[in-house]
Amino acid sequence: MSKWIVETNQLTKKLGGKAVVSDVNLRIKEGDIYGFLGPNGAGKTTTIRMLLGLAKPTYGHVHIFGHELARKRIEILRKVGSLVEYPSFYGHLTAYDNLEAVRRLLDVPRSRIDQVLEVVRLTKEARRAVKGYSLGMKQRLGIATALLGQPQLLVLDEPTNGLDPAGILEIRELIKRMPQEHGVTILVSSHLLSEIDQMANRVGIITKGKMIFQDETQVLRQQARSRIQLAVSEPEEAWRMLLAHGYHVDWDRQQLTAELTDDKAVATMVAALVQHEFAVYRVQEESASLEQIFLNMTGGEGSL
Amino acid sequence: MMRMFRSEWMKLRRTVIWALAVISPLLAGVTGFLSAGDYENGQEGVWQIALGIMGLLHAMLFLPLLTGVFAALLCRFEHTGGGWKQLLALPVSRSSVYAVKFIYIMLLLAITQLLFLAALLATGLLLGFAEPIPWRMLLVSALGGWLACLPLAALQLAVSVAWSSFAAPLAVNVIFTIPNILIINSAQYGPYYPWAQPLLAMVPRDEMGFGAFNLSPETLLGVILVSFVVFLLGGWGYFIRKAV
Ligand SMILES: Nc1ncnc2c1ncn2[C@@H]1O[C@H](COP(=O)(O)OP(=O)(O)OP(=O)(O)O)[C@@H](O)[C@H]1O
Ligand SMILES: [Mg+2]
């Protein structure tokens, strides 16, 4: 068995002649909260539908729990809970009966229904027809349904869609707790980097169907560390001098930037400049936010 | 499969679908009762006449229409609430989902047929038909009508699964049901027309010795079974590949 819970190879989906998902190699390991990030229309939902066997890849393979999805779909899905795009429900039934209809297919004890209702705090409203629910309540019901079968892998496509700030916080805390308490692995998609940043330990960024980044969230954060921008007289000579003295500086013919952040290093660098009689006009910190990085990576069209 | 069946039951109970099964037999009962003048007392074959009168509207119009309505309603729950993607992402085989939907259509139609039979018996008993009840003929008629719905049910299920709209498959069904009135007169096309098959199978043939009614029961049954298999396989083949 491979160490990956979810592994896709060259996963590709063409719709109407256009590759909506192209050569995606997803890698999710046990206990991960994997943030699947991308602007609208990037192909997140399409990828997730292929992971759940709802749509067939044009080519490429999906392995979940080490088994090929195309061969062992039912065995795999027994251990997967999902919420795709918007929550599914039967409007004329109550939340309880909706869960019961799914429970009968999963063959779990009836007590699970009360448990999951408790988890998403719908217990009080459980006996009302779902068509009278607010969007946020439907979203909670969708999450409850995903949790019903005590899944080992949870696939949540934009789970905080339509929730108010309190609801978002609540769901986020719930997601963060799951791997520790129940050993669940989670794939959660979003177009909000800040949201993923707050819960995921690994991130995959997809745009226009292509995976452009996949690594620990830590690595993404490092790219956001700040740099020091220097405005000096004769910047090119200053750059040479600083390099000769062992400072890590960049000169792009317009701006001189240094990759240091601690106060002491900045102070000695400025002292060196002054000693060599460069006029120092400005020393300013330029901190690239995660959002900036995300926008740069996705070609600037990502919404935040 | 059994679990699928019980899950589907959760969605179906307490819906209008059950009321629909009652309407046509009720109307047939009223028709039969109002035609009291047509049955002279002591007349021979009075049950057969009653079956002809009551079965005409029921089998020509309501049975094909109801088949379409049942198919559309069973798919409607899934289309409107995004049920397909939830259902098919659960550990169930697509074949059993499709099979259970089909079985429910046929089950509802079976209830309709039983109620029709009950309406016919009630009419006869209330009007005091002198003849003993011809059980064999009545049961063959009801069963025949039910079997003749198989191809149409398979066809309508395929259409209802394919189109996410509720009205479109129904409209198609209505459009194809109306010409029944003409098509049953054609010995050539009648038996091959899925919307006409229930009537041909249900109404006693010597009652109406014209057009497609002269067909032998074996031929009709053969046509029905073959077209049923073709439509069912077609719909099933589409459904197991469908992207949701
Ligand atoms: N049936 C289809 N036929 C043609 N193109 C499609 C079809 N379904 C989706 N697409 C296209 O595929 C692309 C990816 O869609 P997808 O729903 O996977 O995006 P997403 O990343 O989930 O976006 P969002 O954040 O808006 O949910 C879009 O450009 C969309 O227009
Ligand atoms: Mg999406």
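Residues numbered from 1 in each chain as written. Chains lettered and ligands numbered in written order. Predicted model: local features only at pLDDT ≥ 70, side-chain atom pairs only at ≥ 80, totals over all residues. Heavy atoms only, no water.

**Structural notes on the overall build of chain A**
Counted only if it meets this: Strands here mean DSSP runs of E at least two residues long; helices mean DSSP runs of H or I at least four residues long; both are numbered from the N terminus. Using C-alpha atoms as the atom set, the radius of gyration is obtained and then compared with a globule rule of 2.2 Å times the number of residues to the power 0.38. Burial classes: relative accessible area under 20% of the type maximum marks a residue as buried, over 50% as exposed, and values in between as partly exposed (1.4 Å probe, protein chains only). The contact definition used throughout considers only heavy atoms, calling two residues in contact when any of these lie within 4.5 Å. For accessible areas, the Shrake-Rupley method is used with a probe of radius 1.4 Å. Any residue's cover is judged against the shown protein chains and nothing else. Lys and Arg are tallied as positive, Asp and Glu as negative. Neither His nor the chain termini are counted. Here the site of a charge means atom NZ of a Lys, CZ of an Arg, CG of an Asp or CD of a Glu.
What chain A contains, in helices and strands, is 11 helices and 15 strands. Its C-alpha radius of gyration of 24 Å places chain A more than 25% over the 19 Å reference for a compact globule of 304 residues. Looking at chain A as a whole, 53% of its 304 residues qualify as buried. Sequence-distant contacts in chain A: of pairs separated by 6 or more residues, those separated by 24 or more amount to 67%. Summed over its atoms, the accessible surface of chain A is roughly 14400 Å², and 47% of this surface lies on carbon and sulfur atoms. In chain A, which carries 38 positive and 36 negative side-chain charges, the distance between the mean positions of the two groups comes to 10 Å.

**Focus: unusual backbone geometry**
Residue and element names in this part refer to chain A. A positive phi angle is found at Lys208, which is not glycine, with a value near 50 degrees. Residue classification places Lys208 among the exposed positions, given a relative accessible area of 58%. The residue Arg253 is not glycine, and still its phi comes out positive at about 75 degrees. Note on placement: Arg253 falls in the loop between strand E13 (249-251) and strand E14 (256-258). Judged by relative accessible area, Arg253 falls into the exposed class, the value being 66%.

**Thoughts on the interface of chain A and chain B**
Note the threshold: Defined in terms of a 1.4 Å probe, buried area is the accessible area two parts forfeit on being brought together, summed over both. By definition, a salt bridge exists where a carboxyl oxygen of Asp or Glu is found within 4 Å of a side-chain nitrogen of Lys or Arg. Polar contacts, as counted here, are pairs of nitrogen or oxygen atoms within 3.5 Å of one another; within protein the pair requires one atom able to donate a hydrogen and one able to accept it, and residues that are adjacent in sequence qualify only if both atoms are side-chain atoms.
Taken together, the contacts link 28 residues of chain A with 29 residues of chain B. Among the residues chain A hides against chain B, the three largest losses belong to A:Tyr90, A:Arg104 and A:Leu105. Together they make up 29% of the total. In this assembly, chain A and chain B are joined by two salt bridges. Of the charged contacts in the structure, one is a salt bridge between A:Asp97 and B:Arg13, with a shortest N-O distance of 3.7 Å. Between chain A and chain B we count 16 residue pairs in polar contact (both at pLDDT 80 or more) in total. Where the side of chain A that touches chain B is concerned, the elements lending two or more residues are helix H2 (73-77) and helix H3 (95-106) of chain A.

**A few points about the domain arrangement of chain A**
Short version of the rule: The domain boundaries here were taken from an automatic or database domain assignment.
Segmentation of chain A into domains returns domain 1 (4-222) and domain 2 (225-287). When each unit is reduced to the centre of its C-alpha atoms, the spacing between domain 1 of chain A and domain 2 of chain A is 47 Å.

**Some thoughts on the UniProt feature "transmembrane region" (unreviewed entry) in chain B**
Residue and element names in this part refer to chain B. Our working rule: UniProt positions are given in the numbering used here, feature names are shortened, and annotations may be inferred rather than shown by experiment.
Under the present numbering, the feature "transmembrane region" (unreviewed entry) in UniProt falls on residues 46-75, 102-127, 133-154, 161-184 and 220-240. Secondary structure content for residues 46-75 is 100% helix and 0% strand, and the end C-alpha separation is 41 Å. Its end C-alpha atoms 38 Å apart, residues 102-127 is made of 100% helix and 0% strand.

**Comments concerning the site of ligand 1**
Residue and element names in this part refer to chain A. Applied cut-off: Note on definitions. A residue lies near a molecule or strand when any single heavy atom of the residue is within 4 Å of it. For this classification, the nonpolar set comprises Ala, Val, Leu, Ile, Met, Phe, Trp, Tyr, Cys and Pro, the charged set comprises Asp, Glu, Lys and Arg, and every other residue, Gly included, is treated as polar.
Close contacts around ligand 1 come from Leu15, Lys18, Val20, Pro39, Asn40, Gly41, Ala42, Gly43, Lys44, Thr45, Thr46 and Glu158, and that covers them all. Within the contact set of ligand 1, an oxygen atom lies 3.0 Å away from a side-chain nitrogen or oxygen of Asn40. For ligand 1, an oxygen atom lies 2.8 Å from a polar atom in the backbone of Gly41. For ligand 1, whose unbound accessible area comes to 650 Å², protein coverage reaches 60%. Contributions of two or more residues to the shell around ligand 1 are made by strand E2 (18-24) and helix H1 (44-51). In terms of residue count, the dominant contributor to the shell around ligand 1 is H1 (three residues). Residue classes in the shell around ligand 1 are distributed as four nonpolar, five polar and three charged.

**Things to note about the sheet that holds strand E10 (residues 202-207) of chain A**
Sheet strands line up and pair through hydrogen bonds in the backbone, either parallel or antiparallel. Residue and element names in this part refer to chain A. The following threshold applies: Strand pairing is defined by DSSP finding a minimum of two bridges between the two strands. Here an angle of 0 to 180 degrees is reported between the N-to-C directions of two axes, which are lines fitted to C-alpha atoms, with helices fitted over the stretch in contact.
Strand order in the open sheet formed by six strands is E7-E8-E9-E4-E10-E11, with mixed pairing between adjacent strands. Every interior strand has two partners, whereas the edge strands, strand E7 (80-83) and strand E11 (210-216), have only one. The mean angle between the axes of side-by-side strands here comes to 15 degrees, regardless of whether they run parallel or antiparallel. In the sheet, E7 pairs with strand E8 (residues 153-157) via four bridges, with the strands oriented parallel. Across the sheet, residue Gly81 finds its bridge partner in E8, namely Leu154. Along the sheet, H1 makes contact with strand E4 (33-37), E8, strand E9 (185-190) and E10, crossing E9 at roughly 150 degrees.

**A few points about a nonpolar patch on the surface**
All names here are of chain B. Spelled out, the test is: Here the term patch refers to residues with relative accessible area over 30% and no salt bridge, with like charges joined within 9 Å and nonpolar side chains (Val, Leu, Ile, Met, Phe, Trp, Tyr) within 5 Å.
A cluster of nonpolar residues, Val174, Ile178, Ile181 and Leu182, forms a patch on the protein surface that exposes about 380 Å² of accessible area. Within the fold, Leu182 resides in helix H8 (residues 180-183). Classification of Leu182 as exposed rests on a relative accessible area of 64%.

**Describing the pairing of E8(A)**
Note on strand geometry: in a regular strand, side chains alternate between the two faces of the sheet. Residue and element names in this part refer to chain A. Filter applied, for reference: Crossovers are described as right-handed under a simple rule: with the strands pointing away from the observer, the path leading from the first strand over the helix to the second runs clockwise.
In terms of burial, E8 is largely enclosed, as five of its five residues are buried. A two-sided burial pattern is seen for E8, the buried positions comprising Leu153, Val155 and Asp157 on one face and Leu154 and Leu156 on the other. Remark: the E8/helix H6 (residues 165-182)/E9 crossover connection has right-handed handedness.

**Focus: the pattern of salt bridges**
Residue and element names in this part refer to chain A. Overall, the coordinates contain 19 salt bridges over all chains when judged by the stated rule. Among the salt bridges present, the one from Glu216 reaches Arg202, with a minimum N-O distance of 3.4 Å. Placement of Glu216 in strand E11 and of Arg202 in strand E10 is noted, with a sequence separation of 14 residues between them. The exposure class assigned to Arg202 is buried, which follows from its relative accessible area of 8%.

**A word on the confidence of the model for chain B**
Residue and element names in this part refer to chain B. Just so we agree on the cut-off: Think of pLDDT as the predictor's per-residue confidence, scored from 0 to 100.
Looking at chain B, the pLDDT average stands at 84 and 90% of residues meet or exceed 70. Within chain B, H8 has the poorest average pLDDT of any element, 76, and helix H4 (residues 83-88) the best, 92. Two summary scores accompany this predicted model of the complex, namely pTM at 0.84 and ipTM at 0.83.

**Notes on the packing of helix H9 (residues 235-244) of chain A against helix H10 (residues 263-275) of chain A**
All names here are of chain A. For clarity, the cut-off: Working rule for angles: under 35 degrees goes down as roughly parallel, over 145 as roughly antiparallel, 65 to 115 as roughly perpendicular, anything else as oblique. By the definition used in this description, the sense in which the near helix is turned from the far one sets the handedness, with an anticlockwise turn below a right angle giving left-handed and a clockwise turn giving right-handed.
Where H9 contacts H10, the two axes come as close as 11 Å, and the packing angle between them is 120 degrees. By the criterion of interaxial angle, the relationship of H9 to H10 is oblique. Once H9 is placed against H10, the crossing between them reads as right-handed. Facing Ala238, Met241 and Leu242 of H9, the residues of H10 in contact are Met269, Ala272 and Leu273. Taken together, the residues of the contact of H9 with H10 sort by class into six nonpolar, no polar and no charged.

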